[in-house]
Amino acid sequence: MTRDAVHGRAVVAREYGLPAVAGVEGATRRIKDGQRIRVNGTEGFVELLPSP
């Protein structure tokens, strides 16, 4: 996804008052299929959770 596309989605989320996280460096490399994560759109972070 291009930087412009990420920015556009972030603008839409802001305009609708939706918490969002965009442009997380290295997210697609660090988050594995099926891994549990916690997304905090209000504070703007993604947390990798331990396996149950």
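Residues numbered from 1 in each chain as written. Predicted model: local features only at pLDDT ≥ 70, side-chain atom pairs only at ≥ 80, totals over all residues. Heavy atoms only, no water.

Attention shifts here to the overall build of the protein. Counting its secondary structure elements, the protein contains two helices and two strands. Written out in order from the N terminus, the α and β elements of the protein read α-α-β-β. Its C-alpha atoms give the protein principal-axis dimensions of roughly 35 × 20 × 15 Å. For the protein, the residues scored as buried account for 10% of the 52 residues in total. At a minimum sequence separation of 6, the contacts of the protein that also span at least 24 residues come to 6%. For the protein, the accessible surface area stands at approximately 4,600 Å², while carbon and sulfur atoms represent 51% of it. A distance of 5 Å separates the average location of the 8 positive side-chain charges in the protein from that of its 6 negative side-chain charges. (Helix = DSSP H or I, 4+ residues; strand = E, 2+ residues; numbered from the N terminus. Buried < 20%, exposed > 50% of the residue type's maximum accessible area, 1.4 Å probe, protein only. Contact = heavy atoms within 4.5 Å. Areas by Shrake-Rupley, 256 points an atom, 1.4 Å probe, with all protein chains shown as cover. Lys, Arg positive; Asp, Glu negative; His and termini not counted. Charge placed at Lys NZ, Arg CZ, Asp CG, Glu CD.)

Tallying each qualifying case throughout the model produces two salt bridges. A salt bridge links Glu 47 to Arg 38; the shortest N-O distance between them is 2.9 Å. A residue is classified by how much of its surface remains accessible, and Arg 38, at 44% relative accessible area, is partly exposed. (Salt bridge = Lys/Arg side-chain N within 4 Å of Asp/Glu carboxyl O.)

The next thing to look at is the side chain of Asn 40. Within the element layout of this structure, Asn 40 appears in strand S1 (residues 37-40). Engagement of the side chain of Asn 40 in a polar contact is seen with the backbone nitrogen of Thr 42, the distance being 3.1 Å. Non-local contacts of Asn 40, meaning those with residues more than four positions away in its chain, are made with Val 21 and Phe 45. (Polar contact = N/O pair within 3.5 Å; in protein donor to acceptor, adjacent residues only side chain to side chain.)

Interpretation note: all reported values are geometric properties and have no functional meaning in isolation.
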